[in-house]
Protein chains: 4
Amino acid sequence: MTSVAHLVEKTTEFVRDHVFPVEREIVADGRVMDDALRLELQKKAKEAGVFGPLSDPAFGGLGLDTRAQAQVLEAAGASLIGPLAINAWAPDDGNIHLLAHVANPEQRQRYLAPLASGEVRSAIAMTEPAPGAGSDPTMLRTYAEETDSGWVINGAKHFTTGAQGAAFTICVARTSDGPTMFLVDADNPGMTVGRRMPTLDHTSAPGGHCEVLFTDCEVSDDAVLGAVGQGLTLAQVRLAPSRLVFCMNWLGLAVRGHRLAVAHITERTGFGAPIAEHGLAQGMIADNEIDIAAARGLIKQAATTIDEQGPSSSQAKHETSIAKTFVAEAVWRVLDRAVQLHGGLGVCEDHLVARFLVEARAFRIYEGPSEVLRWSIARRALRVQK
Amino acid sequence: MTSVAHLVEKTTEFVRDHVFPVEREIVADGRVMDDALRLELQKKAKEAGVFGPLSDPAFGGLGLDTRAQAQVLEAAGASLIGPLAINAWAPDDGNIHLLAHVANPEQRQRYLAPLASGEVRSAIAMTEPAPGAGSDPTMLRTYAEETDSGWVINGAKHFTTGAQGAAFTICVARTSDGPTMFLVDADNPGMTVGRRMPTLDHTSAPGGHCEVLFTDCEVSDDAVLGAVGQGLTLAQVRLAPSRLVFCMNWLGLAVRGHRLAVAHITERTGFGAPIAEHGLAQGMIADNEIDIAAARGLIKQAATTIDEQGPSSSQAKHETSIAKTFVAEAVWRVLDRAVQLHGGLGVCEDHLVARFLVEARAFRIYEGPSEVLRWSIARRALRVQK
Amino acid sequence: MTSVAHLVEKTTEFVRDHVFPVEREIVADGRVMDDALRLELQKKAKEAGVFGPLSDPAFGGLGLDTRAQAQVLEAAGASLIGPLAINAWAPDDGNIHLLAHVANPEQRQRYLAPLASGEVRSAIAMTEPAPGAGSDPTMLRTYAEETDSGWVINGAKHFTTGAQGAAFTICVARTSDGPTMFLVDADNPGMTVGRRMPTLDHTSAPGGHCEVLFTDCEVSDDAVLGAVGQGLTLAQVRLAPSRLVFCMNWLGLAVRGHRLAVAHITERTGFGAPIAEHGLAQGMIADNEIDIAAARGLIKQAATTIDEQGPSSSQAKHETSIAKTFVAEAVWRVLDRAVQLHGGLGVCEDHLVARFLVEARAFRIYEGPSEVLRWSIARRALRVQK
Amino acid sequence: MTSVAHLVEKTTEFVRDHVFPVEREIVADGRVMDDALRLELQKKAKEAGVFGPLSDPAFGGLGLDTRAQAQVLEAAGASLIGPLAINAWAPDDGNIHLLAHVANPEQRQRYLAPLASGEVRSAIAMTEPAPGAGSDPTMLRTYAEETDSGWVINGAKHFTTGAQGAAFTICVARTSDGPTMFLVDADNPGMTVGRRMPTLDHTSAPGGHCEVLFTDCEVSDDAVLGAVGQGLTLAQVRLAPSRLVFCMNWLGLAVRGHRLAVAHITERTGFGAPIAEHGLAQGMIADNEIDIAAARGLIKQAATTIDEQGPSSSQAKHETSIAKTFVAEAVWRVLDRAVQLHGGLGVCEDHLVARFLVEARAFRIYEGPSEVLRWSIARRALRVQK
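Residues numbered from 1 in each chain as written. Chains lettered and ligands numbered in written order. Predicted model: local features only at pLDDT ≥ 70, side-chain atom pairs only at ≥ 80, totals over all residues.

What follows is about the overall build of chain A. Counting its regular elements, chain A contains 11 helices and 10 strands. Against the 2.2 N^0.38 benchmark of 21 Å for 386 residues, chain A shows a C-alpha radius of gyration of 21 Å, consistent with a compact globule. Along the three orthogonal principal directions, the C-alpha set of chain A runs to about 80 × 55 × 45 Å. The 386 residues of chain A split such that 61% are buried. Taking the intrachain contacts of chain A between residues at least 6 apart in sequence as the baseline, contacts between residues at least 24 apart amount to 73%. (Helix = DSSP H or I, 4+ residues; strand = E, 2+ residues; numbered from the N terminus. Rg over C-alpha atoms; globule rule 2.2 N^0.38 Å. Buried ≥ 20, exposed ≤ 12 C-beta atoms within 10 Å, placed from the backbone. Contact = placed C-beta atoms within 7 Å.)

Between chain A and chain B, which share one sequence, the superposing operator has a rotation angle of 180 degrees and an axial displacement of 0.0 Å; the RMSD is 0.0 Å. Expressed as a symmetry operation, the mapping of one chain copy onto the other fits a two-fold axis. Considering only C-alpha atoms, the residue of chain A closest to the rotation axis is V358(A), which sits at 3.5 Å. Mapped onto chain B, 100% of the interface residues of chain A again fall at the interface, so both copies present the same surface. (Least-squares fit on C-alpha atoms with pLDDT ≥ 70 in both.)

Before going further, it helps to spend a moment on the packing of helix α8 (residues 279-309) of chain A against helix α8 (residues 279-309) of chain D. Packing of α8(A) against α8(D) leaves a shortest axis separation of 8 Å and a crossing angle of 90 degrees. The angle between α8(A) and α8(D) falls in the class roughly perpendicular. Residues A293(A), A294(A), G297(A), L298(A), K300(A) and Q301(A) of α8(A) touch α8(D), and the partners they reach there are A293(D), A294(D), G297(D), L298(D), K300(D) and Q301(D). For the contact of α8(A) with α8(D), the class distribution of residues is six nonpolar, four polar and two charged. (Axes fitted to C-alpha atoms, helices over the stretch in contact; angles between N-to-C directions. Parallel < 35°, antiparallel > 145°, perpendicular 65-115°, else oblique. Nonpolar A, V, L, I, M, F, W, Y, C, P; charged D, E, K, R; others polar.)

Below, the discussion takes up the interface of chain A and chain B. The interface is formed by 38 residues belonging to chain A together with 38 residues belonging to chain B. Put simply, the parts of the chain that give the side of chain A that touches chain B at least two residues each are β9 (269-270), α8, α9 (314-341), α10 (352-360) and α11 (370-385) of chain A. Among the elements that take part in the side of chain A that touches chain B, α11(A) stands out by supplying three residues, more than any other. When grouped by side-chain class, the residues that make up the side of chain A that touches chain B number 19 nonpolar, 10 polar and nine charged.

Before going further, it helps to examine the interface of chain A and chain D. Each partner contributes to the interface: chain A provides 28 residues, whereas chain D provides 28 residues. Residue classes in the side of chain A that touches chain D are distributed as 16 nonpolar, seven polar and five charged.

Let us now look at the UniProt feature "domain: Acyl-CoA dehydrogenase/oxidase N-terminal" (unreviewed entry) in chain A. Here the UniProt-annotated "domain: Acyl-CoA dehydrogenase/oxidase N-terminal" (unreviewed entry) positions come out as residues 7-119 of chain A. Along residues 7-119 of chain A, the helical share is 66% and the strand share 0%, with 23 Å between the first and last C-alpha atoms. (UniProt positions renumbered as here; feature names shortened; annotations may be inferred.)

Another aspect to go through is the environment of P53(D). Residue and element names in this part refer to chain D. Tracing the backbone through its elements, the reader meets P53 in the loop between α2 (35-48) and α3 (66-76). Its 27 C-beta neighbours within 10 Å are what place P53 among the buried residues. Setting aside its immediate chain neighbours within four residues, P53 contacts L62, L64, Q69, V72, L73, I86 and A88.

Our focus in this paragraph is the pairing of strand β2 (residues 143-146) of chain A. Residue and element names in this part refer to chain A. Here β2 runs beside strand β3 (residues 150-161); their pairing, made up of four bridges, is antiparallel. If you follow A144 over to β3, its bridge partner there is I153. Counting the residues in the hairpin turn of β2 and β3 gives three residues. (Pairing = 2+ DSSP bridges.)

This next bit is on the packing of helix α3 (residues 66-76) of chain B against helix α8 (residues 279-309) of chain B. Residue and element names in this part refer to chain B. Contact pair α3 / α8: the axes reach a minimum separation of 7 Å and the direction vectors enclose 145 degrees. Of the residues in α8, those touching α3 at T66, R67, Q69 and A70 are I299, K300, A303, T304, I306 and D307. Along the lines of polarity and charge, the residues of the contact of α3 with α8 split into four nonpolar, three polar and three charged.

Interfaces are often described in size by the accessible area the parts lose on coming together. All names here are of chain A. For chain A, the assigned domains are domain 1 (3-116), domain 2 (122-225) and domain 3 (231-385). Using C-alpha coordinates to define each centre, domain 1 is positioned 24 Å away from domain 2. Within the residue set of the side of domain 1 that touches domain 2, elements represented by two or more residues are α1 (3-29), α2 (35-48), α5 (92-102) and α6 (105-116). In terms of residue count, the dominant contributor to the side of domain 1 that touches domain 2 is α6 (five residues). For the side of domain 1 that touches domain 2, a count of residues per class yields 14 nonpolar, three polar and five charged. (Domains from an automatic or database assignment.)

Another aspect to go through is helix α6 (residues 105-116) of chain C. Residues and elements named next belong to chain C. What α6 keeps buried is the set Y111, L112, L115 and A116. Considered in projection along α6, the buried side chains sweep an arc of 115 degrees and stay on one side of the axis. Exposed side chains of α6 directed beyond 90 degrees from the buried face belong to E106 and Q109. In the core, the buried residues of α6 are packed alongside α5 (92-102), β1 (122-125), β4 (168-173) and β5 (180-185). Directly beyond the C-terminal end of α6, a positive phi value near 85 degrees is found at G118. (Arc of directions from axis to C-beta.)

Quick look at the UniProt feature "domain: Acyl-CoA oxidase/dehydrogenase middle" (unreviewed entry) in chain A now. UniProt tags residues 123-217 of chain A as "domain: Acyl-CoA oxidase/dehydrogenase middle" (unreviewed entry). Helix makes up 0% of residues 123-217 of chain A and strand 48%, and the two end C-alpha atoms of the span are 16 Å apart.

So, about unusual backbone geometry. Here the bond from A130(A) into P131(A) is cis, since omega is 5 degrees, no more than 30 degrees from zero. Non-glycine residue E367(B) carries a positive phi angle of around 60 degrees. Inspection of the secondary structure puts E367(B) in the loop between α10 (352-360) and α11 (370-385). Positive phi values are uncommon outside glycine, yet F271(D) reaches one of about 50 degrees. Topologically, F271(D) is positioned in the loop between β9 (269-270) and β10 (273-274).

Right, let's get into the environment of Q109(D). Residues and elements named next belong to chain D. Considering the arrangement of structural elements, one finds Q109 in helix α6 (residues 105-116). For Q109, a count of 11 C-beta atoms within 10 Å translates into the label exposed. When the C-alpha positions of Q109 and F59 are compared, they lie 9.8 Å apart, and in sequence the two are 50 residues distant.

Moving on to α10(B). Counting buried residues along α10(B), nine of its nine residues qualify, which places the element largely inside the surrounding structure. Those residues of α10(B) that are buried are in contact with α10 of chain A together with α1 (3-29), α7 (231-267) and α9 (314-341) of chain B.

All names here are of chain A. Tracing the chain through its elements places T192 in strand β6 (residues 191-196). When the C-alpha atoms of T192 and E211 are compared, they prove to be 8.5 Å apart, with 19 residues separating the residues in sequence. Residues in contact with T192, not counting those within four places in the same chain, are V212, L213 and T215.

If you want it as structure tokens, here you go:
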């Protein structure tokens, strides 16, 4: 067995033995996924040797290439909170990747090290309420003005993932030299984390999606990530791997939902036979198998391209856009069929598939709605042929 | 303006003025839809002259034929709680229809009259936990044994819609002469309403979907609805109209979701233009218009057949099966597109479409999962051609 | 039985007894659908009392309203050449409608009378090779210049439906006062009917889709249809009924294909049972039933609106756009499933479904491609809500 | 550049320079694809160094593994007759594979050598008219009776691919010891190649799909391929690679159709802009890119499994079933969108996409209809989970 295959096996066992029971308590009994619970799960993941698939061994991570990540994160994704337990969940996955690529030595020590080790969580503040930046980053309105001693940020954000309890937030703001990323500490008095938004994906993470207000928020020059004016470029650096990590995680959940459905229809009987022997149910099982295999193939291809051509290459961007669009829709179809195969029980949270479906809805929108991605895929196809 | 068109207009106004504000409080602020609130809304519906579209004028209803119901209930369905406010919501709609067709004079007085007037709610206890009856009614296990003075019912039900707070429950049980329907009063000590099941459609009704236990539950001979052994036949009497009422109600919700999406993309801008001017968004709007028009056409056709050939006719059964299958899937598609058109806001319960989508998921399963209906539609098509 | 139901029955019998045998010879033996054959079939249709559903009794037609047409044309559509046999096939159906609405008395006598009676065929020359008018009529390049004695037309057309052997062609050309329709006789030396284009729908009509050249083509003022500058308005007059007639005809073919598939899978056995007992085949049969019922409902609704609000009303335009989009795609799906249910035989022209599928492909493009229609449907939905 | 990448480039050039012009003549001018033309093209392929991707260097082939075949055959598939030109087209591809695996030395010399070198073509006679074997091979009725000197075969076949002009036919027949494969020479007087069936995929190959009659057809013991009774096992040996070769070839055609569509909409203008700038057209381009990428990923995965676990492994069978089902449907969608993007021209055989679409229809049926494959995929998924 290769070392990757071994790691996949260990991840599968870890999730089954340590994460599934907690997930059940969260979905069925309303146990809250807070930081205490996160730290407890991550401690177990470290003991099991499956913690940190996205980070460097220097920070206690496993140092996997993207192809290996694909296999491990699919295994972890079998639970809604599996990826979090191994520290491969949004927005920390993307922030780890971003900091690893662009943070200066001091920033690496202060922000990346504790984040990669799971000591702290982080947030990213990009999306803004209308008429600010949604899917279109050029509409950014949050503004950072340069002062003698640094910068003052003003603006409103929402859908700031992970903001509640995050040790720091990466805030994207306009400057006179273009969009720029700033590292803002949680205790900065100019940053107020407001309401946790009532989103459909409320189960799977501490920190939620929050409203965040920057009011005369002062930061020093050291807070600039990369260089002034590079904000959108850096967002691109973060984007391809972050989209693909989403794909890996959610594919894992789709596989789990599919298996729960297979188990259910094997046991359950109706109209004179196990449901599993009815043709229309078999058709849905086959469609799930096809969707899962196709999703896996697209992830593998995009992962290979990231490893070989780099995460910022044009080909990586194109292939992760394709993968994100297909996988998000395939995951949705698979979970929807899993619900349908459960019959009435499928819409009852006694069964995990009901919650899985609801949580998964956002995946077709976050990190690029399918329609925006299609637009971008088409324009590249048209451009390349020319 | 015809009297039906006038009624539709009044219903639309009533829902907009009196129901929308309450719906907003329920979805956004967690206000509970209990019986006090139901009675308050129904009182206003009576004042507005829009109460009781499914019941006879003798009981204070509007005495509409099915075609007229289709228009009025679509208007009421614009809100998740609109149909309840005019007393046209499951399971009372189907129970009113059933009792109107088969109840004896005493039962009409005791059960139908207060139900039709909105004084009380009712429940229907059909579905059972495995290995009992789910989609396949022949698997019924709840058993009623005849005694000298009546019947003793034993068995477990779940998904008993409306059970919490219902004045009575129609329980379907096997007897030595075949499946039979029994009217069981709420205060019968042999009937225990247990847990409200955590279903995805939790917002829209008082009474929930509950677990109900019948333990040596004694009822008199007067409790038999129709005749002993007619249980499945009566379920069929109830089925076609009940499915169609569901279609009318949910189509109304889909139309509302579509309109919310149209309004949203008209106001919201991205990539240099209102979202409404982007081709892929326009395609989704057009697909919604097409799905809505096709759904409306199928409901109208099935309603005409019920009016002309009766609700128990073979043609009515076939056409309501077709309508239920298409409408349930079309409503789902329309609401899903409405969510997608809202972008990130679409998966946030600040916007109604998020809740609408989640609530609507059960419609593709309740009253006949799409797959079971397809099976039934196909067998009839094959039989007829022979 | 109503008189419409009686006419539907007679049409069904006529098609079955007189048209099916000829259709078989055309598809299987390559018999050519020429004008001699057309006249022979139309003679029989007259004898059977089913000729002329779209024309006025004054011209020997049946004078049906649009709702009745829907039923009769669906029955005729059971064969690829059924609608032609009763004189309800493109482009004559639309030209009859157009002439009935706008021709002056002399034009009625000279053009409409022989066309409605089936004595002659006609053509319509609208579409042009790039960069001329395709789906976008504003790109019209064919030009008519006014002279002392009338007009001189110059330009190239293609996809001129029915041109080979047509007695006259309605040519749409720009003038200094806007697009205008001209009646051009077949023997006009300035009009050259060129190549019959090798389109996929080659079986179903005499006259084909042709390339037509207008070279200093002189016509008198009497040749103007309606008024100068009204060309696009008149195209709109023609459009809604013409689209709906297409829907009626092709729905009939889909129903026939579906029935052939039902018959096939009832007879044919595989994997231990008749194909008709396999769940996935049943699912396809059910989907066909649903698509057919939904298509029929949309046609009926649009027909009612044409009858009640007129063919040029905004509502008629919207509803025929919706019907055309859905029906064209539904017909395609139904015939595609019919092919698939035939297995290998389905792609062999020994079986009619193979030819039906190929012929039907154009319907999603002619008279408005689905994408252009969706655009138009969406814009109206957005406009109305405002 | 790797040697495979180099071979792909050479194949692309060969097809573009030598095959496209001939394809154009076939589709537009009705030039017939006969053996003289085949030999001419294959001679050029040999000169270009791209002949024989599926065969052993011992027979003049390129000796590629399956992964390399995937890339080369996709390049060749850009033309309907590209795979034939390099000797990688049905049924010869599967017969080469089969013979390479099971033929004895004499059979290799006599049958495999000339087939692999392109000297001759072959056929496979499996499918039978009802009530014989269609998708269900257990229904085989053609019977071979053992005699003193060999075997006598009697039975009727149809859809015998390549039969016209084939040097030999592999006939599957029942014997008292089970289904068996026999090599039957073209000049055997007991084998009559009858009518070429009028299938939709008539352009792409010499030899057609034929009716073949075996009447007291005598063959010697040397004609048995593999061993008596192994017929269905050998069919399985042939099946996985054969399905995957189909996928590679047809994916190539889909890519070509997609590129033709991209070129068309880039040049063509409507509604004020190039079609390529309209959102709905862009959505179709993106969907094509996604379908193509997903298809390629599934082919690559199945090819890897064939190379690593063997073509008869259970995993190879499962993955080729998944790939065949998805790719056949994806190719169909891509070509259908390519037609639609061409507008009216798309259904006119002046443009290749019209012919491509019609030819491609059979791919969803041949070598396993999608429904039968789904059934098989589902059963394996259910079995594995147990």
